[in-house]
Amino acid sequence: MSKELDHIYELDVEVSDLNEKSILKPYAYQNLIAKVAEKHLTKHNVHVQTTMKYNMTWALVSISYNILKPITGCQKLFATTWYSKRKGPYFRREVQFRNEKGEILFEGSTFSVILDLAKRTVYRKTEVPFLHFEPTETFTIDAKPTFKSKLNYQKIEQRKVQNSHMDLLGHVNNSRYGEFAYDGFTEEEREALLDYNRMEYYFQSELRRGETFSIHKGKAEDRLVIRGYNETRGCVSFEIVFNKTDKDKR
């Protein structure tokens with residue numbers, strides 16, 4: 001069993017994470033997963049400052065999670081995470097969040113690749129030049145690194161990348177994409193927030209300083225998809241899927 005599972009990370013749900021009905025905003029779930037990943041990488045000295053010594057960095061390509069008990073109100077959370085599988089260039093990691101009673105609130109998987117910063121290409125060699133863990137092949141949910149949709153999309157907004165969107169790697173941090181998607185919710189969709197119990201984030205291409213992007217929305221009976229399209233370079237930047245699923249299908 002991986003030593004990763006020996007570690008439990010404590011996090012707090014803060015006022016800014018909640019909407020006006022005291023319900024955790026969708027992108028706050030994403031941010032909690034990111035905080036655990038950062039704590040974990042720092043603990044094992046494979047954070048961005050270490051990987052950049054090799055001119056590399058971890059690049060997140062997707063996040064999927066199921067919400068078993070929606071988070072409402074400020075509270076303390078306890079998270080565990082472990083590396084579960086590698087297939088091709090994709091490294092899969094699991095994450096699980098519990099409350100003080102030990103109940104699972106939400107759980108999911110992330111897929112990441114190693115990015116060569118000089119070439120701006122995906123690193124595909126078998127060997128990894130920094131510390132890496134043996135996989136614990138226990139999976140929390142059914143998940144995948146890519147997404148395809150046949151929905152019809154409607155353009156609802158156009159925006160420009162601002163200084164505040166940029167991160168250390170010189171592009172829009174993926175955490176901002178969740179914010180952009182939630183900004184596209186109507187009042188009716190916000191009212192139905194608790195109905196969405198599975199969320200998926202797919203990151204396809206960078207957004208850079210000064211670029212223009214648009215927000216598009218596609219709907220089906222059981223899902224809402226928000227797509228970010230890079231108008232400057234003519235490509236999809238991200239897609240975020242909000243699903244309504246039956247408990248026995250999760």
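Residues numbered from 1 in each chain as written. Predicted model: local features only at pLDDT ≥ 70, side-chain atom pairs only at ≥ 80, totals over all residues. Heavy atoms only, no water.

Novice: Tell me about the overall build of the protein chain, residues and numbers included.
Specialist: If you tally the helices and strands in the protein chain, you get four helices and 11 strands. Taking 18 Å as the expected radius of gyration for a compact globule of 250 residues, we find that the protein chain reaches 18 Å, a close match to that expectation. Reported as C-alpha extents along the three principal axes, the dimensions of the protein chain are approximately 45 × 45 × 30 Å. Classification of the 250 residues of the protein chain by burial places 50% in the buried group. Long-range pairs, those at least 24 residues apart, make up 71% of the contacts in the protein chain with a sequence separation of at least 6. Accessible surface for the protein chain amounts to roughly 13000 Å². Of this, 46% is attributable to carbon and sulfur atoms. (Helix = DSSP H or I, 4+ residues; strand = E, 2+ residues; numbered from the N terminus. Rg over C-alpha atoms; globule rule 2.2 N^0.38 Å. Buried < 20%, exposed > 50% of the residue type's maximum accessible area, 1.4 Å probe, protein only. Contact = heavy atoms within 4.5 Å. Areas by Shrake-Rupley, 256 points an atom, 1.4 Å probe, with all protein chains shown as cover.)

Novice: Which residues make up the side chain of Arg227, and what values go with them?
Specialist: Within the element layout of this structure, Arg227 appears in strand 10 (residues 223–230). Reaching out from Arg227, the side chain makes a polar contact with the side chain of Glu239 at a distance of 2.6 Å. Apart from the residues within four sequence positions on either side, Arg227 is in contact with Tyr153, Ser214, Ile215, His216, Val236, Phe238 and Glu239. (Polar contact = N/O pair within 3.5 Å; in protein donor to acceptor, adjacent residues only side chain to side chain.)

Novice: Which residues make up helix 3 (residues 174–183), and what values do they have?
Specialist: Of all 10 residues that make up helix 3, seven are buried, and the element is covered over most of its length. When helix 3 is considered as a whole, its buried residues turn out to be Ser175, Arg176, Tyr177, Gly178, Phe180, Ala181 and Tyr182.

Novice: Residue-level account of the packing of helix 1 (residues 26–43) against helix 3, with values.
Specialist: At a closest axis distance of 8 Å, the pairing of helix 1 and helix 3 adopts a crossing angle of 170°. In terms of orientation, helix 1 and helix 3 fall into the roughly antiparallel class. For the pair helix 1 and helix 3, the contacting residues are Pro26, Tyr27, Gln30 and Asn31 in the first and Asn174, Ser175, Gly178, Glu179 and Tyr182 in the second. Along the lines of polarity and charge, the residues of the contact of helix 1 with helix 3 split into three nonpolar, five polar and one charged. (Axes fitted to C-alpha atoms, helices over the stretch in contact; angles between N-to-C directions. Parallel < 35°, antiparallel > 145°, perpendicular 65-115°, else oblique. Nonpolar A, V, L, I, M, F, W, Y, C, P; charged D, E, K, R; others polar.)

Novice: Run through the nonpolar core, naming residues and quoting values.
Specialist: Within the largest apolar cluster, 43 residues are counted, with the highest numbers of intra-cluster contacts made by Leu24, Tyr65, Ile71, Phe97, Phe106, Tyr177 and Phe242. With nine residues, the next largest nonpolar core counts Phe91, Tyr123, Val128 and Phe130 among its residues. (Core = buried A, V, L, I, M, F, W, Y, C linked by side-chain atoms within 4.5 Å.)

Novice: An account of the side chain of Arg198 is requested, with residue identities and associated values reported.
Specialist: On the secondary structure map, Arg198 appears in strand 8 (residues 198–203). The buried category is assigned to Arg198, whose relative accessible area is 13%. A polar atom in the side chain of Arg198 sits 2.7 Å from the backbone oxygen of Asp142. Leave out the neighbours within four places in its chain, and Arg198 touches Ser64, Tyr65, Asn66, Ile141, Asp142, Ala143, Val241, Phe242, Asn243 and Thr245.

Novice: Pulling in residues and values, what's your account of the packing of aromatic side chains?
Specialist: Under the criterion given, the structure shown has 19 aromatic pairs. Between Phe147 and Tyr202, the aromatic rings sit 5.2 Å apart at their centres with planes inclined by 15°, giving stacked as the arrangement. Here the residue Phe147 occupies a position in the loop between strand 6 (121–122) and strand 7 (153–160), and Tyr202 occupies one in strand 8, the gap between them amounting to 55 residues. You can call Phe147 buried: its relative accessible area is 11%. We classify Tyr202 as buried; its relative accessible area is 2%. Pairwise contacts between aromatic rings join Tyr29, Tyr65, Phe97, Phe106, Tyr177, Phe180, Tyr201, Phe203, Phe213 and Phe238 into one cluster. Here the guanidinium or amino end of Arg227 rests over the ring plane of Tyr153, the centre of that ring lying 4.0 Å away. (Phe/Tyr/Trp six-rings, centres within 6.5 Å; stacked < 30°, edge-to-face > 60°. Lys NZ or Arg CZ within 6 Å of the ring centre and 35° of its normal.)

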